[in-house]
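# Structural characterization, general
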Amino acid sequence: MELTRRNAIVMGAAAILAASLPVRGNAAAGDLIAAFTGGAEVGTGDIRLIAPEIAENGNTVPIEVSSDTAVEIMVLAMGNPTPNVATFKFGKLAASRAASTRIRLAGTQDVVAIAKLEDGSFVQTASTVKVTIGGCGG
Amino acid sequence: MAKGVKPRVKVPKTAAAGDTITIKTLISHKMESGQRKDDEGNVIPRSIINRFTCDFNGENVIDVTMEPAISTNPYLEFEALVPEAGEFTFTWYDDDGSIYETAKKIAVE
């Protein structure tokens, strides 16, 4: 494409538009899921996610993930500027495939947990959390 | 190194061999997400603990990759098997390269 004045204006406008769009977590989250699963199909099943229905403060939202046969569990917050939250890898001496922690949520959104099971398959579950005060500052 | 980082770990002192115990860990760390801005509108650079591991006598119990969405003073609770007497070692890896370590011994009744 020739760099004419018109093209320059069009490109500039496109760049401004792209930069001003709110950061959407969903496309990034899709990539993260694909990177974690290697493109394998994600079913439902042996994965549980406990998160509050309503979180007053998005800065500390207690969550718990558990599964009977998971080797790895990834937690994603679909509406956060960066959707990944944490990845738990269970070692040989993990008594249960469960862990709990506290996370930040930018606003009301779905929290997703994806587990890689011992047989190599992937399962996921989601839970919607209503957040009264967001936890990402700004 | 981030200031005032203090790991705290709760492990029972004794257990029966083969028992399952619950471990709670907390480390004081501001976990700056890299999303916040200061009064002048400059982005405060990210400074978090990005990884936590727990081992018992050299065998891994859990290995957690943490992202900025983990809250200030990261708290983790999980369960471990105690096959014999020994020592749990806990390691936190900071973005700035610092490593915070602590260990807890456990006796078998």
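Residues numbered from 1 in each chain as written. Chains lettered and ligands numbered in written order. Predicted model: local features only at pLDDT ≥ 70, side-chain atom pairs only at ≥ 80, totals over all residues. Heavy atoms only, no water.

Residues and elements named next belong to chain B. On inspection of all chains with the given rule, the structure shows six aromatic pairs over all chains. Ring centres of Phe52 and Phe90 lie 6.4 Å apart, and the angle between their planes is 15°; on these two criteria the pair is classed as stacked. Of this pair, Phe52 sits in strand β4 (residues 49-56) while Phe90 sits in strand β7 (residues 86-94), and the two are 38 residues apart along the sequence. There is no split in this pair, since Phe52 and Phe90 are both buried. Within the aromatic cluster, the residues linked to one another by ring pairs are Phe52, Phe56, Phe78, Phe88, Phe90 and Trp92. Positioned above the aromatic ring of Tyr93 is the side chain of Arg51, whose terminal nitrogen or guanidinium carbon lies 4.9 Å from the ring centre. (Phe/Tyr/Trp six-rings, centres within 6.5 Å; stacked < 30°, edge-to-face > 60°. Helix = DSSP H or I, 4+ residues; strand = E, 2+ residues; numbered from the N terminus. Buried < 20%, exposed > 50% of the residue type's maximum accessible area, 1.4 Å probe, protein only. Lys NZ or Arg CZ within 6 Å of the ring centre and 35° of its normal.)

Here we take up the pairing of strand β8 (residues 109-117) of chain A. Residues and elements named next belong to chain A. β8 sits mainly inside the fold: seven of its nine residues count as buried. The pairing of strand β5 (residues 70-77) with β8 spans seven bridges and is antiparallel. In the strand pairing of β8, Leu76 is matched with Val112. By the bridge criterion, eight bridges tie β8 to strand β9 (residues 122-133) in an arrangement that is antiparallel. Across the sheet, the residue bridging to Val111 is Ser127, located in β9. (Pairing = 2+ DSSP bridges.)

In this section: the environment of Ala85 of chain B. Residue and element names in this part refer to chain B. On the secondary structure map, Ala85 appears in the loop between β6 (75-82) and β7. Spatially, the C-alpha atom of Ala85 lies 9.5 Å from that of Phe56, the residues being 29 residues apart in sequence. Leave out the neighbours within four places in its chain, and Ala85 touches Phe56, Asn57, Ile106, Ala107 and Val108. (Contact = heavy atoms within 4.5 Å.)

A separate point is the environment of Val123 of chain A. Residues and elements named next belong to chain A. Among the secondary structure elements, Val123 is positioned in strand β9. Residue Val123 is classed as buried on the basis of its relative accessible area of 6%. For the pair Val123 and Ala113, spaced 10 residues apart in sequence, the C-alpha to C-alpha distance is 8.4 Å. Every residue in contact with Val123, bar those within four places of it in the chain, is listed here: Val42, Gly43, Thr44, Gly45, Asp46, Ile47, Ala113, Ile114, Ala115 and Leu117.

Another aspect to go through is the pattern of salt bridges. With the rule as written, the count across this model stands at eight salt bridges over all chains. Of the charged contacts, one joins Arg97 of chain A and Glu118 of chain A as a salt bridge, the two residues approaching to 3.3 Å between their closest N and O atoms. Of this pair, Arg97 of chain A sits in strand β7 (residues 94-103) while Glu118 of chain A sits in the loop between β8 and β9, and the two are 21 residues apart along the sequence. Overall, Glu118 of chain A belongs to the exposed group, its relative accessible area being 53%. The salt bridge partner of Glu32 of chain B is Arg36 of chain B, with a shortest N-O separation of 2.8 Å. Its relative accessible area of 6% is what places Glu32 of chain B among the buried residues. Judged by relative accessible area, which is 39%, Arg36 of chain B ranks as partly exposed. A single salt-bridge network, built from bridges that share partners, covers Asp46, Arg48 and Asp68 of chain A. (Salt bridge = Lys/Arg side-chain N within 4 Å of Asp/Glu carboxyl O.)

Scope: geometric values only; no functional claims are made or implied.
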